[in-house]
Amino acid sequence: GFFQSYAVEVDIKDASNATCLYADWMMRFLITYESNNGDYKTTTLNLSSSVTHNGSVCGNDTQAALVAVQFGEGHSWSINFTENNETYQGDYITLTYNTNDTAVFPDAKRKGPVTVLVKYPFHPVQLNTVFVCHTSYSVEAENVTQIFWNVTVQAFVQNGTVSKKETRCRADTPTTVPTVPPTIANATTASSTTSSPAPTTAPTPVENPVTGNYSLKSGNKTCFLATVGLQLNVSQDKPLLININPKTTIADGACGNTTATLQLNDGNRTLIGF
């Protein structure tokens, strides 16, 4: 039931057919819009299986590099990169979504393209270095949340070859707990008496999730019903179980003629879509 999204790979060539800009990433967008009856709804815009990258440019010392992609029914996204001494960085992200796409915006009051501009949040990256961030992160502006993950990008590629040297985002870098050396106060001394090992405490089992009742309306009619208990099993260094609490979970989405989408968003920003 997770939202389906496609990976985008863009390999921009210069006049000599050498790679000058490379990017591979996944993204989706959560967009709040006003419906015809005055309600505000949140919909999900995913990348389609067919993506073009018209307008992308290599860039140089005086001109910004640009990754531009087009997808779906009139939607587009771009990010520009600038070079400064020995580093490069993303400057601005531009998203244009088209509310004439009735599959995504089935009852939008405002029709036509809407453009959102947002400052890119990351620090500069050394030239001849690939920026990598597998962890999901989001960028918010106005009524749009842009979510990115599995990002690999290098602007101003040198000698036509993508570098093997990586700069990882902070979220991808594991944190280590410093080792505290023993002091006189916390050092222990050996004893001739054999002590019994401390009893182990069994881990507390995670309870079954509470069943929630979720529904959507189309006008005055209920168009989507779900009665379900939800638990996420997240694979990290160790399994993490998360129960979705119906008391703090908001149901949103939309019903179309042939498709319906239910989005569940709780206070911890967990988002599940059906």
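The following refers to the structure shown.

Cut-offs applied
- Residues numbered from 1 in each chain as written.
- Predicted model: local features only at pLDDT ≥ 70, side-chain atom pairs only at ≥ 80, totals over all residues.
- Heavy atoms only, no water.
- Helix = DSSP H or I, 4+ residues; strand = E, 2+ residues; numbered from the N terminus.
- Contact = heavy atoms within 4.5 Å.
- Areas by Shrake-Rupley, 256 points an atom, 1.4 Å probe, with all protein chains shown as cover.
- Core = buried A, V, L, I, M, F, W, Y, C linked by side-chain atoms within 4.5 Å.
- Buried < 20%, exposed > 50% of the residue type's maximum accessible area, 1.4 Å probe, protein only.
- Phe/Tyr/Trp six-rings, centres within 6.5 Å; stacked < 30°, edge-to-face > 60°.
- Disulfide = S-S within 2.5 Å.
- Pairing = 2+ DSSP bridges.

### Overview of the overall build of the chain
Looking only at helices and strands, the chain features zero helices and 20 strands. Considering only residue pairs separated by 6 or more positions, the chain has 50% of its internal contacts joining residues 24 or more positions apart. Split by element, the accessible area of the chain, about 16,900 Å² in all, is 50% carbon and sulfur.

### Overview of the nonpolar core
The tendency in soluble globular proteins is for nonpolar side chains to be buried side by side. W25, W77, F81, Y97, F131 and F148 are the most contacted members of the largest nonpolar core, which has 47 residues in total. Counting residues per element, this core draws most heavily on strand β2 (residues 19-34), at eight residues. Setting aside residues up to four positions removed in sequence, F81 forms contacts with A64, A65, V67, Y88, Q89, G90, V153, A155 and F156. Membership of the second largest hydrophobic core comes to 11 residues, among which are F224, L230, C255 and I272.

### Focus: the environment of M26
Along the chain, M26 turns up in strand β2. For M26 and V8, which are 18 residues apart along the polypeptide, the C-alpha to C-alpha distance reads 6.2 Å.

### Details of the packing of aromatic side chains
Scanning all chains against the criterion turns up 11 aromatic pairs. Measuring from centroid to centroid gives 5.4 Å for W25 and W77, while their planes differ by 40°, and the two rings are tilted. Residue W25 is located in strand β2, and its partner W77 is located in strand β6 (residues 75-84); the two are separated by 52 residues in the primary sequence. Like W25, the residue W77 is buried in the burial classification. Ring centres 5.2 Å apart and planes at 85° place the aromatic pair Y33 and F105 in the edge-to-face group. A residue pair is termed long-range when its members are at least 10 positions apart, and Y33 in strand β2 and F105 in the loop between β7 (87-98) and β8 (113-119) qualify at 72 residues.

### Structural notes on the state of the cysteines
Taken as a whole and judged by the stated rule, the model has three disulfides. Shown here is the disulfide that connects C133 with C169, its sulfur atoms set 2.1 Å apart. Given an S-S torsion of about 75°, the disulfide between C133 and C169 has right-handed geometry. Within this pair, whereas C133 is found in strand β10 (residues 130-133), its partner C169 is found in the loop between β13 (166-168) and β14 (212-218), the two being separated by 36 residues in sequence. Across the pair, exposure class does not vary: C133 and C169 are buried alike. Here the disulfide map of the chain reads 1-2, 3-4, 5-6, the bonded cysteines being numbered as they appear in the sequence.

### Considering the pairing of strand β15 (residues 221-228)
Relative to β15, β14 is paired through seven bridges, and the arrangement is antiparallel. For L216, the partnering residue across the bridge sits in β15 and is F224. Where β14 folds back onto β15 in an antiparallel hairpin, the turn is made up of two residues, including G219, whose phi is positive at roughly 70°.

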